[in-house]
Amino acid sequence: MFRTRSRRAGTAAGSLALVLLASACGGADDAGPSASGAPGAAQLKGKTVALVGYGKANSWGAYYNQVFNEQLAATGVRIDDMTSMDPGTQVQKFNQSVAQKPDLIVLAIWDTAAMAVPIKKAKQAGVPVLVVDGRPDPSVQNDVMSVLSDNVKLGEFAAQNIIEGLRGQGRRSGNVIVLTGTKSMLVTQDRMQGFHKVMATAPEYKVVAEEDANWDPTLSGKIAQQLLARFGKDGVQAAYGMADYMALPIVQAAKQAGFPIGGTDGLIVTSSNCFKAGIESIRAGELYGTATEDPGTIAKQTADYTVRFLSGQKPPQSETVKEERVTKATLDQFAEQCSHA
Amino acid sequence: MMVSRSGRAEAPPDTPPATGARRRPDPLRLAAGVLVLILLAAGASTDRFLTLDNARAILASTAFVGITAIGATLVMIAGSAVSLAVSQTATVVAMIFLATQPLGLGTSLLLALLCGVTVTAVQGAVIGYWAANPIVLTIAAGFATGGVATWISDGTTVSAEVPRYDVLNSTPLGLPLAVYVLLAVTALAQWTLRRTTAGRQMYLVGENRAAAHAAGLPVGRVTVVAWAFFGACIGLTGVFLASFNTGANSALGGTLTLDAIAAVLAGGTAIAGGRGSALRTLGGALLISIISDVLLLRGYSTGIQILVKGLLVLAVVLTVHLRSVRGRR
């Protein structure tokens, strides 16, 4: 029995050693010090940034993290990868980062409400926080710096696409269905605020259904199938899926239900942040349009902000990334920018 | 239930031993009857519910989850409870299917299904031959598979350079191809369970693994067959998901794992194993879709739909439990 126990203990210890070795080797790419030599390298060498962002399993997050790391690689700033894929883990990693007292925490928030108290604690601990993409809870808005996507504008672009598409078809009236991201998120609320604002300028077009599809492509397809059946071919003329990966299932659901897509009398489908598949769909004449909010652009702006902050230049407390509307007319201009995720 | 060495059951496998309780109403059938009446009333009073378009939409929205749930039924009947690695496996299958499109539809289909069967059957082998805990094992497998998906794709969305999958989005006779595949998979699973030795042995292994082992049944092999079938079903779902969404990233599987489990449980298959059928699971998957549809048509939010689905599964699980307790008396 003793020998068996020893063997088990040996196996366990060996496995643990392998895991630790793999972790040490595997982490080198993301977390190691960046190459120095670029302007500012001498000044920023030794500074540490904790990246508490979206994990690599999210395609938007994967490209954002890659570009952010690349942009800072030449500055000598060390980036600690604290990215994650769920709100609970993010709170833990954020608190862990605060305890390590980096020079800056770069935070892409999964759950706005859950991050409010940790952000207050970071302020009390004197750790600066830069929020990126979606805005933080209003109660802590003044406690952080921010580089934000213009979500209101993204919603406005979606509405403009729908109005332009329907008017282009010569329709004097029309019904619109909307599949949103998670409704409790400020990102979603901001986009819907912009969307409704612009839709109100075209009262002949009416939003007849607005469903929470939770940023889930499969759920989006399912809800789209049911909504299209509910309203029928004569009852819905346009659809808004909040991201390309939500709008494309709407296109497929419509095709399977026998709806014509785009063209002179088909369903107008739009999105409001672009991915490679969406660009291809616009090119194919199916998706009417989308908008930027691409991870590469905001990652570059965040990296630039980080360098300015760490080198003591005192950038403005909040910056907003300029978003662009993408339709067939502007496709070539934004295709490359939108094709990395 | 008597067990012979050939694995033949003496009673219909999804019927509980009814000793001395025949005159009492079966709670599962009673609950199902009440639910159908409620649904009929709600449906009849809901605008556009009783239309052909809506029936098509219900079937279409059942297909993806339904195909996986049929496979999960065999695993649950064989006593392996549930797999918590379904979403991740479907995602990897979808990525392989899209990445291999240039090789032709047949080859990419074959590779994708092979991936689903292999990844899942290996888990079945560990459970069947070494009696590993399926929950723990599939949690680990889910992490590993999800990690591989993220590693291979580097987090980006995989899409086909040369898409050849359009035929999978076709709608023969107005219904999506996935619906026909769901019906075919259901028929195959039901036939396997009822008409083959392996199928009957799944019930026996699920009913009492130790007794089945003592009776000389090939417990390990039976479990692997159930999981391999499950893997093929996950593979088919992954392939259809990839074609429908025209791309695959790590989030593609979404809530497929829990949706499939819910459909199996809603159909009345016992989570402890030994009872259930593919037809019941098809009924469970349809029931969930119909309830979601009625709620959506009546303007209830997605949150309410999920809540009702949870309550339905809870009610069915409790009813099945009560039924089996009564059957043992």
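Residues numbered from 1 in each chain as written. Chains lettered and ligands numbered in written order. Predicted model: local features only at pLDDT ≥ 70, side-chain atom pairs only at ≥ 80, totals over all residues. Heavy atoms only, no water.

Focus on the layout of surface pockets
What counts is decided by this rule: A cavity here means a set of 1 Å grid points, computed over protein atoms only, where a 1.4 Å probe fits but cannot escape. A pocket is an open set with protein on both sides within 12 Å along at least 5 of 7 lines, and lining residues have an atom within 4 Å of a point. Grid points are joined across faces, edges and corners, and a volume is the space filled by probe spheres set on the points. Counting from the N terminus, the helices are DSSP H or I runs at least four residues long and the strands are E runs at least two residues long. Gly is put with the polar residues, along with every residue not named as nonpolar or charged; the nonpolar set is Ala, Val, Leu, Ile, Met, Phe, Trp, Tyr, Cys and Pro, and the charged set is Asp, Glu, Lys and Arg.
Estimated volume of the second largest pocket: approximately 580 Å³. Lining the second largest pocket are 31 residues, with Leu-219 and Lys-222 of chain A together with Thr-255, Asp-259 and Lys-309 of chain B positioned closest to its centre. Those elements giving two or more residues to the lining of the second largest pocket turn out to be helix 9 (217-231) of chain A together with helix 2 (52-77), helix 9 (219-245), helix 10 (256-266) and helix 12 (302-328) of chain B. For the lining of the second largest pocket, the element with the most residues is helix 9 of chain A, which contributes eight residues. Among the residues forming the lining of the second largest pocket, the class breakdown is twelve nonpolar, 14 polar and five charged.

Considerations on the state of the cysteines
Residue and element names in this part refer to chain A. The line we're drawing: Disulfides are defined as pairs of cysteine sulfur atoms found within 2.5 Å of each other. Working definition: with a 1.4 Å probe on protein chains only, accessible area under 20% of the residue-type maximum means buried, over 50% means exposed, and in between means partly exposed.
Applying the stated rule across the entire model yields one disulfide over all chains. With its sulfur 2.1 Å from that of its partner, Cys-274 forms a disulfide with Cys-338. On the sign convention where negative is left-handed, the bridge of Cys-274 and Cys-338, at about -75° about the S-S bond, is left-handed. On the criterion of sequence distance, the pair formed by Cys-274 in the loop between strand 9 (268-270) and helix 11 (276-283) and Cys-338 in the segment after helix 13 (331-334) is long-range, its members being 64 residues apart. Neither residue differs from the other here; Cys-274 and Cys-338 are each classed as buried.

Some remarks on empty space enclosed by the protein
On inspection of all chains with the given rule, the structure shows seven cavities of 30 Å³ or more. Taken as a whole, the largest cavity spans an internal volume of roughly 140 Å³. Tyr-245 of chain A together with Thr-157, Asn-245, Gly-247 and Asn-249 of chain B are, among the 14 residues lining the largest cavity, the residues nearest its centre. For the lining of the largest cavity, the leading source of residues is helix 10 (residues 244-256) of chain A, giving four residues. Classifying every residue of the lining of the largest cavity by side-chain character gives eight nonpolar, five polar and one charged.

Quick look at a nonpolar patch on the surface
Residue and element names in this part refer to chain B. Heads up, the rule is: Residues with no salt bridge and a relative accessible area higher than 30% make up the patches, which join like charges within 9 Å and nonpolar side chains (Val, Leu, Ile, Met, Phe, Trp, Tyr) within 5 Å. Method for areas: the Shrake-Rupley scheme with a 1.4 Å probe, in which residue coverage is limited to the protein chains shown. Each salt bridge in this description consists of a side-chain nitrogen of Lys or Arg and a carboxyl oxygen of Asp or Glu lying within 4 Å of one another.
Where nonpolar side chains cluster on the molecular surface, the patch consists of Tyr-300, Ile-304, Leu-307, Leu-311, Leu-314 and Leu-318 and spans about 570 Å² of accessible area. For Tyr-300, the position within the fold is in the loop between helix 11 (278-297) and helix 12. Given the relative accessible area of 40%, Tyr-300 is considered partly exposed.

A short note on the confidence of the model for chain B
Residue and element names in this part refer to chain B. Heads up, the condition is: What pLDDT expresses is the predictor's confidence in each residue, scored from 0 to 100. Residue contacts follow a heavy-atom distance rule, with two residues in contact if any of their heavy atoms lie within 4.5 Å.
Per-residue confidence for chain B averages 87 on the pLDDT scale, and 90% of its residues sit at or above 70. Across chain B, the secondary-structure element scoring lowest on mean pLDDT is helix 1 (residues 27-44), at 77, and the one scoring highest is helix 6 (residues 177-195), at 97. Contacts for the low-pLDDT stretch residues 1-12, under 50 throughout, to residues beyond four places or in other chains number 27 contacts.

Some words on the environment of Val-52 of chain A
Residues and elements named next belong to chain A. Residue position: Val-52 is located in strand 1 (residues 48-52). Residue classification places Val-52 among the buried positions, given a relative accessible area of 0%. Between the C-alpha atom of Val-52 and that of Asp-81, which follows or precedes it by 29 residues, the distance is 7.0 Å. For Val-52, the contacting residues outside a window of four places in its chain are Met-82, Gln-90, Phe-94, Ser-97, Ile-105, Val-106, Leu-107 and Ala-108.

Here's the deal with helix 7 (residues 197-207) of chain B
Among the eleven residues that make up helix 7 of chain B, eight are buried, leaving the element largely enclosed by the rest of the structure. Elements in contact with the buried residues of helix 7 of chain B: helix 2, helix 6, helix 8 (209-214) and helix 9 of chain B.

Concerning the interface of chain A and chain B
Put simply, the test is: Buried area: the accessible area, evaluated with a 1.4 Å probe, that two parts lose upon being put together, summed over both parts. In protein, a polar contact requires one atom able to donate a hydrogen and another able to accept it; more generally it is a pair of N or O atoms within 3.5 Å, and residues adjacent in sequence count only if both atoms are side-chain atoms.
Taken together, the 32 residues of chain A in the interface contact 37 residues of chain B. Summed over both partners, the interface of chain A with chain B buries about 2,900 Å², with 51% contributed by carbon and sulfur atoms. When residues of chain A are sorted by the area they lose upon contact with chain B, Gln-226, Arg-230 and Gln-256 of chain A head the list and together hold 24% of the total. Our count for the chain A to chain B interface comes out at zero salt bridges. Between the two partners, chain A and chain B, sit seven residue pairs in polar contact (both at pLDDT 80 or more). Going through the elements one at a time, helix 4 (59-73), strand 7 (205-212), helix 9, helix 10 and helix 11 of chain A are the ones with two or more residues in the side of chain A that touches chain B. Classifying every residue of the side of chain A that touches chain B gives 14 nonpolar, eleven polar and seven charged.

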